[in-house]
Amino acid sequence: MATTPTDPVDDVDEDAAARGAVYATLAKAFEYPGESFHEAAANGSLEADLRACLDRTALDVAVPSLTTDDDYETLAARYNDIFELGYSEYTDRTDGSLEAEGPPVPLYESKYRPDHSWNDVNLDLARAYSHYGLEIDQDERDNHDAVTYELEFAGYLARREAAVGDDAATARLDFHDRHLGHAAAGVADRLADEPGTDIYGGFGELLETFVRADRNDLAARLEGQR
């Protein structure tokens, strides 16, 4: 997602900035893993950096184990098996009947919103991104409801809060309730039921607990409710 930088200020809210860093790391975690991501996950620096960021916030969020023993090829194959590759099987080869389904854990909000159409979810997200002058990267274009985009947007709003103020915090609370909270819970639930997730099981757990904690903290601070 292409972003427009916020105007710098002298007093930066370190808590909000740290939350923005956590969201950015979570967005990377749910992308196809690069070798640098694998290295950080294997040597423990990824987990240590996330703990350090969370320690700078007021949130009480435990970080699960986020270190992997997989080599790079195994981690990449695991990602594909969980998030990318669907399943298909001919149920009747005489007439070509094919039963197909998507990956075990789809990384799109609309897959977890049976009460909302794909079009409604994506149009609402497009309007939200456009309001802040953001657009989908044309080189790696994906649907607006991609979980990675939603995490990047939440991170952008947190960084904007750090630099500008509570307007972005209010927008982030609304975004949690309208979109990210549903996507995070859906992904986490699917990962919890899936065997052999390794590091991605931990990221699913952290995704749900961090998003929920951030949402509840914002609600308590901005609306006096949880």
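Definitions and cut-offs
Residues numbered from 1 in each chain as written. Predicted model: local features only at pLDDT ≥ 70, side-chain atom pairs only at ≥ 80, totals over all residues. Heavy atoms only, no water. Helix = DSSP H or I, 4+ residues; strand = E, 2+ residues; numbered from the N terminus. Contact = heavy atoms within 4.5 Å. Areas by Shrake-Rupley, 256 points an atom, 1.4 Å probe, with all protein chains shown as cover. Salt bridge = Lys/Arg side-chain N within 4 Å of Asp/Glu carboxyl O. Buried < 20%, exposed > 50% of the residue type's maximum accessible area, 1.4 Å probe, protein only. Phe/Tyr/Trp six-rings, centres within 6.5 Å; stacked < 30°, edge-to-face > 60°. Expected span 1.5 Å × (residues − 1). Arc of directions from axis to C-beta. Core = buried A, V, L, I, M, F, W, Y, C linked by side-chain atoms within 4.5 Å. Lys, Arg positive; Asp, Glu negative; His and termini not counted. Polar contact = N/O pair within 3.5 Å; in protein donor to acceptor, adjacent residues only side chain to side chain.

To continue, consider the overall build of the protein. The secondary structure content of the protein amounts to eight helices and two strands. Counting from the amino terminus, the protein carries its helices and strands in the arrangement α-α-α-α-β-β-α-α-α-α. Sequence separation of at least 24 residues holds for 70% of the intrachain contacts in the protein that already meet a minimum separation of 6. Of the accessible surface of the protein, which amounts to about 11,700 Å², a share of 44% is contributed by carbon and sulfur atoms.

For the structure on display, the rule yields 17 salt bridges. With a closest N to O distance of 4.0 Å, D174 and R178 form a salt bridge. With D174 and R178 both in helix α7 (residues 166–193) and four residues apart, this pair spans about one turn of that helix. With a relative accessible area of 41%, R178 lands in the partly exposed category. One salt-bridge network, in which partners are shared between bridges, spans D15, R19, E161, R172, D214, D217 and R221.

The full count for this structure, using the stated rule, is 13 aromatic pairs. Considering the side-chain rings of F30 and F203, the 6.4 Å spacing of their centres and the 70 degrees angle between planes classify their relative orientation as edge-to-face. Taken as a pair, F30 in the loop between α1 (14–29) and α2 (35–43) and F203 in helix α8 (residues 199–222) lie far apart in primary sequence, 173 residues in all. F30 gets classed as buried once you look at its relative accessible area, which sits at 1%. Looking at F203, the relative accessible area reads 0%, which means it is buried. Between the aromatic rings of Y132 and Y156, the centroid separation amounts to 5.9 Å while the plane-to-plane angle is 70 degrees, which identifies the pairing as edge-to-face. Within this pair, whereas Y132 is found in the loop between α5 (118–131) and α6 (147–163), its partner Y156 is found in helix α6, the two being separated by 24 residues in sequence. Exposure remark for Y156: the relative accessible area of 5% places this residue in the buried category. A connected cluster of aromatic rings, assembled from ring pairs, spans F30, Y32, F37, Y79, F83, Y200 and F203.

The terminal C-alpha atoms of helix α4 (residues 72–84) lie 17 Å apart, and with 13 residues this matches the ideal 18 Å at 1.5 Å per residue to within 8%. Inspection of α4 places Y72, L75, A76, R78, Y79, I82 and F83 among the buried residues, and these make up the whole buried set. Buried residues of α4, seen end-on, are gathered within an arc of 160 degrees and therefore sit on one face of the element.

The biggest cluster of nonpolar side chains holds 53 residues, and the ones touching the most others in it are F30, F83, L151, V187, Y200, F203 and F210. At the level of elements, α1, α2, α3 (45–55), α4, α5, α6, α7 and α8 are the ones that each hand at least two residues to this core. Top element by residues in this core is α8. It accounts for eight residues. If we skip the residues at most four places from it in the chain, F83 touches F30, P103, V105, L107, L191 and Y200.

Tracing the backbone shows E150 in helix α6. For E150, which is buried and forms no salt bridge, the nearest opposite charge comes from R113, at a distance of 7.2 Å. With residues near it in sequence (within four places) discarded, E150 still touches E109, L125, Y129, H144, D145, F175, H179, L180 and A183.

The topology assignment puts Y149 in helix α6. The exposure class assigned to Y149 is buried, which follows from its relative accessible area of 6%. For Y149 and Y108, which are 41 residues apart along the polypeptide, the C-alpha to C-alpha distance reads 9.6 Å. Within the local environment of Y149, its side chain forms a polar contact with the backbone nitrogen of D142, the two atoms lying 3.3 Å apart.

Once that is clear, we can look at α1. The periodicity of an α-helix, 3.6 residues per turn, causes residues three or four places apart in sequence to face the same way. An ideal rise of 1.5 Å per residue puts 22 Å on 16 residues; α1 measures up with 23 Å between its terminal C-alpha atoms. Within α1, burial applies to D15, A16, A18, R19, G20, V22, Y23, L26, A27 and A29. At its buried positions, α1 is contacted by α2, α3, α6, α7 and α8.

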